[in-house]
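# A structural walkthrough
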Amino acid sequence: MNRSEIIDKLLKGEMKLYQVDKEVSAKEATDIRREFLEKKYSINLDNISNYSLDMERASARNIENSIGVLQLPMGIAGPLKINGDNCNREVFVPLATSEGALVASINRGASTITASGGVNAHVLSDIMTRAPVIKTENATQSMEIKQWFIDNFDELKEIAESTTSHGKLLKIDPILIAGSYVYPRFVFSTGDSMGMNMVTIATEKILDKLASETSARHIALSGNACVDKKPAAINIVEGRGKSVVADILIPKDIVNKKLKTTAEAMEEVNVAKNLIGSAVSGGLAYNAHYANMVAAIFLATGQDAAHVVEGSLGITTAEARDGDLYFSVNLPDLPVATVGGGTSLEVANEGLNILGVAGSGKAREFAEIVASTVLAGELSLVGALAAGHLARAHQELGRG
């Protein structure tokens, strides 16, 4: 079929969108679906059609029923000096966002950090989890299944690791029981890949072994105790993805000059807003706006945007120390990657190259950069609140 015939069949409902890929190349299929939408709704999609991505490759790995590409403004913040275990240098951070004032705010935080000698950053743990739900007859059998996982760990580890050249099964813990339901939390290391596909495939092989040796059956490969792409206390306590901490001591004169406030005022705002305010609202994120920085970096570097839900978890601390300001952020649940997934898209790869972390062996370094950028944005916002400048900044920058 030629292009016009395919569009005609789509308009008449005689062909499904996914079937177009069987008739033509991925690039032409993209154009056909977009033209179908333009004709069906009498609209113009010129901007969605303007892109430089290799759509053949993207359609094979990253998207289905493609129609084009979303574009977002991308800015840069820096230099940001980082004194990390894995990243020990100055970086310029690419940030994709449509929120005016955000990049300027992060840039102010980066300037404050760099003037103070740099932010310290450490990766505390590096894991990925998958927790299926298994159905038994009763709580007694659930206890038996729990023990089966414990007794057979070495063999299950071998089975899991036979599916991947990079993943390692570290432990199965905790193994949660709710009556006749069992939720074993498989904990893996996954190298520079974020690893969700990796651990899912490995977990499925373990469940095949369970089915062959017991009468228990698994209901779902994910039982929501992983916990993937949802806020959860278990991820705050146990960690998921990269668990990272970053902190800095900012001299009194720099707090006054750069942030236009005092360490004492920032400590008070942090306690009242981030700690007590989060507690009275029943929040899980004891911070001002981690999600802003995490989302902007994720979009600029091809991370899974849904993991911003997890990356937004964490606690900010601020302490006045004889006029100086001690400031820290912790991100216990930061799933990031420098290979695989969206990182292979051309624009995302360029974002990673700006940071110098594209490719293998760079994931922990990247995690420290993300945490340091979060600290920069958090520092700037808490400072703006303490100085009473937040509304003015958004009036001047966010509204043009």
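Our subject is the structure that appears above.
Please read these numbers as outputs of a predicted model, since none were measured by experiment.

Each value, and the rule that gives it
- Residues numbered from 1 in each chain as written.
- Predicted model: local features only at pLDDT ≥ 70, side-chain atom pairs only at ≥ 80, totals over all residues.
- Heavy atoms only, no water.
- Helix = DSSP H or I, 4+ residues; strand = E, 2+ residues; numbered from the N terminus.
- Buried < 20%, exposed > 50% of the residue type's maximum accessible area, 1.4 Å probe, protein only.
- Contact = heavy atoms within 4.5 Å.
- Areas by Shrake-Rupley, 256 points an atom, 1.4 Å probe, with all protein chains shown as cover.
- Lys, Arg positive; Asp, Glu negative; His and termini not counted.
- Charge placed at Lys NZ, Arg CZ, Asp CG, Glu CD.
- Axes fitted to C-alpha atoms, helices over the stretch in contact; angles between N-to-C directions.
- Parallel < 35°, antiparallel > 145°, perpendicular 65-115°, else oblique.
- 1 Å grid on protein atoms, 1.4 Å probe; cavity = no way out; pocket = protein on both sides within 12 Å on 5 of 7 lines; lining within 4 Å.
- Points joined across faces, edges and corners; volume = space filled by probe spheres on them.
- Nonpolar A, V, L, I, M, F, W, Y, C, P; charged D, E, K, R; others polar.
- Phe/Tyr/Trp six-rings, centres within 6.5 Å; stacked < 30°, edge-to-face > 60°.
- Lys NZ or Arg CZ within 6 Å of the ring centre and 35° of its normal.
- Core = buried A, V, L, I, M, F, W, Y, C linked by side-chain atoms within 4.5 Å.
- Expected span 1.5 Å × (residues − 1).

## Comments concerning the overall build of the protein chain
When you go through the protein chain residue by residue, the secondary structure sums to 15 helices and eleven strands. With the C-alpha coordinates of the protein chain rotated into their principal frame, the extents come out at 65 × 65 × 40 Å. Among the 400 residues that make up the protein chain, the fraction classed as buried is 47%. In the protein chain, the share of contacts with a sequence separation of at least 24, taken over all contacts with a separation of at least 6, comes to 72%. A total accessible area of about 17900 Å² is found for the protein chain, and carbon and sulfur atoms account for 50% of it. Across the protein chain, the centroid of the 39 positively charged side chains sits 3 Å from that of the 48 negatively charged ones.

## Quick word on the packing of helix α4 (residues 102–115) against helix α14 (residues 363–387)
Between α4 and α14, the least distance of the axes is 7 Å, while the angle of their chain directions is 100°. Taken together, α4 and α14 sit at an angle that is classed as roughly perpendicular. Across the interface between the two elements, Ser 105, Ile 106, Arg 108, Gly 109, Ala 110, Thr 112 and Ile 113 from α4 touch Ser 372, Thr 373, Leu 375, Ala 376, Gly 377, Leu 379, Ser 380, Leu 381, Gly 383 and Ala 384 from α14.

## Comments concerning the layout of surface pockets
Here the largest pocket defines a volume of roughly 1300 Å³. Sorting the residues of the lining of the largest pocket by element identifies α3 (55–61), α7 (196–213), α11 (290–301) and α13 (346–355) as the ones contributing at least two each. Along the lines of polarity and charge, the residues of the lining of the largest pocket split into 23 nonpolar, 16 polar and three charged.

## Quick look at the packing of aromatic side chains
What the rule picks out here adds up to two aromatic pairs. With 5.2 Å between their ring centres and 80° between their planes, Trp 148 and Phe 149 make a pair best called edge-to-face. Here Trp 148 matches Phe 149 in class, with each residue buried. Over the ring of Tyr 181 we find Lys 135, and its NZ or CZ is 5.2 Å from the ring centre. Sitting over the face of the ring of Tyr 326, Arg 321 holds its NZ or CZ atom 4.2 Å from the ring centroid.

## Digging into the nonpolar core
Within the largest apolar cluster, 54 residues are counted, with the highest numbers of intra-cluster contacts made by Leu 325, Phe 327 and Leu 334. With eleven residues, the single largest contributor to this core is α14. If you look at the next biggest cluster of nonpolar residues, it comprises 23 residues, including Ile 134, Met 194, Val 199 and Ala 202.

## Some points on the side chain of Ser 312
Position of Ser 312 relative to the elements: it lies in the loop between α12 (308–311) and β10 (314–321). With near-sequence residues (within four places) excluded, Ser 312 lies in contact with Ala 285, Asn 287, Tyr 290 and Ala 291.

## A short note on the environment of Leu 355
Here Leu 355 shows up in helix α13. Its relative accessible area of 0% is what places Leu 355 among the buried residues. For the pair Leu 355 and Phe 92, spaced 263 residues apart in sequence, the C-alpha separation works out to 6.5 Å. Ignoring anything within four residues of it in the chain, the contact list for Leu 355 reads Arg 89, Val 91, Phe 92, Val 93, Pro 94, Thr 301, Phe 366 and Ile 369.

## Things to note about α7
Here α7 contains 18 residues, and its C-alpha end-to-end distance of 26 Å stays within 8% of the 26 Å for a straight helix at 1.5 Å per residue. What α7 keeps buried is the set Met 196, Met 198, Val 199, Thr 200, Ala 202, Thr 203, Ile 206, Leu 207, Lys 209 and Leu 210.

## Brief notes about unusual backbone geometry
Between Gly 78 and Pro 79 the backbone carries a cis peptide bond, its omega angle lying at 5°. Mapping Pro 79 onto the fold places it in strand β1 (residues 74–84). Between Cys 226 and the following residue, Val 227, the backbone shows a cis peptide bond with an omega angle of -10°. Looking at the secondary structure, you find Val 227 in the loop between β7 (217–220) and α8 (233–238). Here Ala 101, not a glycine, exhibits a phi torsion of approximately 90°, which is positive. By secondary structure assignment, the location of Ala 101 is in the loop between β2 (88–96) and α4. Ala 101 gets classed as buried once you look at its relative accessible area, which sits at 15%. A positive phi angle is found at Lys 229, which is not glycine, with a value near 60°. Note that Lys 229 resides in the loop between β7 and α8. Residue Lys 229 is classed as partly exposed on the basis of its relative accessible area, which comes to 33%.

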